[in-house]
Amino acid sequence: MDISFKRDRNTLVVLIEGEIDHHTSKDARDRIDSKFIMEPVKNIIIDLSKVSFMDSSGIGLITGRLKKASSIGGTLAIKKPSKEVLRILKMSKIDSMIELDA
Amino acid sequence: MDISFKRDRNTLVVLIEGEIDHHTSKDARDRIDSKFIMEPVKNIIIDLSKVSFMDSSGIGLITGRLKKASSIGGTLAIKKPSKEVLRILKMSKIDSMIELDA
Amino acid sequence: MQPINKVKVEFLSKSSNEAFARVVAASFVAQADPSIEVLADIRTAVSEAVTNSIIHGYDEKEGIITMACTLYPELVEITIEDSGKGIEDIEKAKEPLYTSKPELERSGMGFTVMETFMDTLIIESSPGTGTRIVMTKQLGNG
Amino acid sequence: MQPINKVKVEFLSKSSNEAFARVVAASFVAQADPSIEVLADIRTAVSEAVTNSIIHGYDEKEGIITMACTLYPELVEITIEDSGKGIEDIEKAKEPLYTSKPELERSGMGFTVMETFMDTLIIESSPGTGTRIVMTKQLGNG
Ligand SMILES: Nc1ncnc2c1ncn2[C@@H]1O[C@H](COP(=O)(O)OP(=O)(O)O)[C@@H](O)[C@H]1O
Ligand SMILES: Nc1ncnc2c1ncn2[C@@H]1O[C@H](COP(=O)(O)OP(=O)(O)O)[C@@H](O)[C@H]1O
């Protein structure tokens, strides 16, 4: 799994590439959180267009980042999940809490 | 593994795609041999450019077809083996018996 | 029904083996030439069950996980087993969003995903002995 | 030396499992991030050993093949084992071009390929008991 970051005003844009599972999500969490603290941002956009696999660990990863952003009054949005990833996201009703641009 | 055939005068050109191992070479052998009997040909060219994996079963496959062609006065040539496939071929000294266009 | 093929894999409860287990199950089932969707569902369900054994069964300590895949003409059965701490209340564990490890950012959706993505799911578990998950999936190409 | 990771796989002696065994070994070793050449060598050696168990060990009848892979910091050890008919004369079996099954178009190059592609090769076999091949390969990224 690879992660890269971009900043768009007060939003941190996170591009995740590869597979999100329990193994890779620990690393993703640490890297996103330290970037979120370092940069002058309050919102997060997670771009999932390059994610080839995601299991329920991804739900935990996204919900956890949603909490971080909310705690300082920010928002979290998901960009371009694949059909399969979207299926997992919908299962957890996460789509009622965050903006989901499919 | 996929096999396709072309005829060029009295030569049967065999294009093998995919992996050559013991499992797939049985099928390859049967298909090449029945084509070789049906068509008015005496030579065989085996194009290995699309072979992604070959173990020593491939040596048996090639040597076996060389014998068929020789038995009616024909020749066998190999076209475009990858570096790894060439390594296996050279190990068996098959390259001293057949034309090897790398 | 006679199985067409079967495989049993034992591996350490290391998180890097989650991806390994998915590859093993998918390349075994791929022999039956299922659809890409079926393969994706199997990869996901296997990932959930193996992750559970690592995190919950063995509390991220070392243990052995066994995965067995049996291929029948139109169906695959996958069993994932650990000798870890086991589940006290299986009904509660199956509830969507229930997790005993919120501190690890678990979503509590693992069993829900397995149930949704596979055709059948059986959970056998007893505290102190371990957990065994048996899942089947129609391959839809019979 | 402590292993970093290990896996044991048991599968039926079906020829479709030759490709499966290659995938399993390669995706296990891939965790250590070896070069493409090293992975290709391992795939080929595994294919030879598994094919031998199927063709020679079990004479293409049903049997169980066990493959174990153990990953150390700079090395992988792969063991492939059958309970088939075993080898009478190991020295002769190792000779390039020697095969007991020319009628199946075997080339007699299996052991030569394993020896060339891997760093070490040990053959343990006795008639009636079975055959066990132990191979190691440096991963060259330590
Ligand atoms: N293999 C296991 N061993 C012990 N407990 C388990 C196992 N699998 C699941 N559980 C229990 O069931 C609960 C629900 O599992 P699951 O639905 O997969 O959600 P999650 O993994 O996100 O917690 C877990 O939180 C855990 O308490
Ligand atoms: N697992 C095995 N069980 C029994 N005999 C074997 C086994 N592996 C190899 N042999 C014997 O050793 C010989 C040489 O093997 P190898 O070099 O791989 O060539 P090939 O497979 O082409 O015959 C075989 O022909 C067979 O007689």
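Residues numbered from 1 in each chain as written. Chains lettered and ligands numbered in written order. Predicted model: local features only at pLDDT ≥ 70, side-chain atom pairs only at ≥ 80, totals over all residues. Heavy atoms only, no water.

## Let's talk about the site of ligand 1
Residues and elements named next belong to chain C. Around ligand 1, a shell composed of 18 residues is seen, among which N52, H56, T99, S100 and G108 lie nearest. Here an oxygen atom of ligand 1 and a side-chain polar atom of H56 are 2.8 Å apart. Separating a nitrogen atom of ligand 1 from a side-chain N or O atom of T131 is a distance of 3.4 Å. For ligand 1, whose unbound accessible area comes to 530 Å², protein coverage reaches 96%. Among the elements of the structure, helix 2 (36-57) and helix 4 (110-117) are those that each provide at least two residues to the shell around ligand 1. In terms of residues, the shell around ligand 1 owes the most to one element, helix 2, which gives 4 residues. For the shell around ligand 1, the residue count by class is 5 nonpolar, 11 polar and 2 charged. (Near = heavy atom within 4 Å. Polar contact = N/O pair within 3.5 Å; in protein donor to acceptor, adjacent residues only side chain to side chain. Areas by Shrake-Rupley, 256 points an atom, 1.4 Å probe, with all protein chains shown as cover. Helix = DSSP H or I, 4+ residues; strand = E, 2+ residues; numbered from the N terminus. Nonpolar A, V, L, I, M, F, W, Y, C, P; charged D, E, K, R; others polar.)

## Digging into the interface of chain C and chain D
In this complex, chain C contributes 18 residues to the contact, which on the side of chain D involves 18 residues. Approximately 1,600 Å² of surface area, both sides summed, lies buried where chain C meets chain D, with 57% of it carried by carbon and sulfur atoms. Of all residues in chain C, K8(C), E10(C) and F20(C) give up the largest surface area on contact with chain D, accounting jointly for 29% of the area buried on that side. If you look at where chain C meets chain D, you find 0 salt bridges. Remark: the boundary between chain C and chain D carries 12 residue pairs in polar contact (both at pLDDT 80 or more). Elements supplying a minimum of two residues to the side of chain C that touches chain D: strand 1 (5-12) and helix 1 (17-29) of chain C. Among the elements that make up the side of chain C that touches chain D, the one with the highest residue count is strand 1 of chain C (8 residues). Class assignment for the residues of the side of chain C that touches chain D results in 9 nonpolar, 5 polar and 4 charged. (Contact = heavy atoms within 4.5 Å. Buried area = accessible area lost by both parts, 1.4 Å probe. Salt bridge = Lys/Arg side-chain N within 4 Å of Asp/Glu carboxyl O.)

## Brief notes about the nonpolar core
If you look at the biggest cluster of nonpolar residues, it comprises 74 residues, and the most contacted ones within it are M67(C), M67(D) and I78(D). What M67(C) contacts, discounting residues up to four positions off in sequence, is V7(C), K8(C), V9(C), F11(C), A21(C), V24(C), A25(C), V46(C), I78(C), T79(C) and I80(C). (Core = buried A, V, L, I, M, F, W, Y, C linked by side-chain atoms within 4.5 Å. Buried < 20%, exposed > 50% of the residue type's maximum accessible area, 1.4 Å probe, protein only.)

## With respect to the relation of the copies chain C and chain D
Placing chain C over chain D gives an RMSD of 0.0 Å and needs a rotation angle of 180°, together with 0.0 Å of translation along the axis. Such a turn and shift between the copies fits a two-fold axis. Among all C-alpha atoms of chain C, that of V9(C) lies closest to the rotation axis, at 2.1 Å. (Least-squares fit on C-alpha atoms with pLDDT ≥ 70 in both.)

## Looking at the confidence of the model for chain A
In the predicted model, chain A carries a mean pLDDT of 94, and 99% of its residues have values of at least 70. Mean pLDDT per element in chain A: strand 5 (residues 99-101) of chain A is the minimum at 79, and strand 2 (residues 11-20) of chain A is the maximum at 98. (pLDDT = per-residue confidence, 0-100.)

## Observations concerning the interface of chain C and chain A
Taken together, the contact between chain C and chain A spans 27 residues of the former and 22 residues of the latter. With both chains or domains summed, chain C and chain A bury close to 1,800 Å², and 50% of this area falls on carbon and sulfur atoms. When the buried area of chain C at its contact with chain A is split by residue, R22(C), E105(C) and F117(C) rank highest and sum to 27% of it. Applying the counting rule to chain C against chain A returns 7 salt bridges. For R22(C), the salt bridge identified is with D21(A), shortest N-O distance 2.8 Å.

## Focus on the site of ligand 2
All names here are of chain D. The environment of ligand 2 is formed by 18 residues, the closest being N52, H56, T99, S100 and G108. G57 is positioned with one of its backbone polar atoms (N or O) 3.3 Å from a nitrogen atom of ligand 2. Within the backbone of G110, one N or O atom sits 3.2 Å away from an oxygen atom of ligand 2. Considering ligand 2 on its own, with 540 Å² of exposed area, one finds that the protein chains cover 96% of that surface. Of all the secondary-structure elements, those providing two or more residues to the shell around ligand 2 are helix 2 (36-57) and helix 4 (110-117). For the shell around ligand 2, the element with the highest residue contribution is helix 2, accounting for 4 residues. When the residues that make up the shell around ligand 2 are grouped by side-chain class, the tally is 5 nonpolar, 11 polar and 2 charged.

## A look at the environment of I3(B)
Residues and elements named next belong to chain B. Among the secondary structure elements, I3 is positioned in strand 1 (residues 2-8). Taking the C-alpha atoms as reference points, I3 and A77, separated by 74 residues in sequence, lie 16 Å from one another. Excluding residues that lie within four positions of it along the chain, I3 makes contacts with V14, L15, A28, R31 and I32.

## Things to note about the packing of aromatic side chains
In the structure shown here, the tally under the stated rule is 4 aromatic pairs over all chains. Residues F28(C) and F20(D) carry aromatic rings whose centres are separated by 5.6 Å and whose planes lie at 75° to one another, so their mutual orientation is edge-to-face. Here F28(C) is found in helix 1, whereas its partner F20(D) is found in helix 1 (residues 16-29) on a different chain. The residues F28(C) and F20(D) share a single accessibility class, namely buried. Each residue in the set F11(C), F20(C) and F28(D) is aromatic and connected to the rest through ring pairs, giving one cluster. Here R87(A) stacks its cationic end above the ring of F117(C), 4.1 Å away from the centre of that ring. (Phe/Tyr/Trp six-rings, centres within 6.5 Å; stacked < 30°, edge-to-face > 60°. Lys NZ or Arg CZ within 6 Å of the ring centre and 35° of its normal.)

## Considerations on empty space enclosed by the protein
Counting across every chain of the model gives 1 cavity of 30 Å³ or more. In this structure, the largest cavity occupies an estimated 110 Å³ of space. Around the largest cavity, the lining residues are H22(B), S25(B), K26(B), R29(B), S57(B), G60(B), L61(B), E60(D), L104(D), E105(D) and R106(D). Those elements that provide at least two residues to the lining of the largest cavity are helix 1 (22-38) and helix 2 (57-71) of chain B. For the lining of the largest cavity, the element with the most residues is helix 1 of chain B, which contributes 4 residues. Of the residues in the lining of the largest cavity, the class split is 2 nonpolar, 4 polar and 5 charged. (1 Å grid on protein atoms, 1.4 Å probe; cavity = no way out; pocket = protein on both sides within 12 Å on 5 of 7 lines; lining within 4 Å. Points joined across faces, edges and corners; volume = space filled by probe spheres on them.)

## Observations regarding the packing of helix 1 of chain C against helix 2 of chain C
All names here are of chain C. Following both chains from N to C, one finds helix 1 and helix 2 inclined at 145°, their axes separated by 9 Å at the closest point. Relative to helix 2, the crossing made by helix 1 is right-handed. Residues E18, A21, R22, A25, A26 and V29 of helix 1 form the contact with helix 2, whose participating residues are L39, I42, R43, V46, S47, V50, T51 and I54. When grouped by side-chain class, the residues that make up the contact of helix 1 with helix 2 number 9 nonpolar, 2 polar and 3 charged. (Axes fitted to C-alpha atoms, helices over the stretch in contact; angles between N-to-C directions. Left-handed = near helix turned anticlockwise from the far one by under 90°.)

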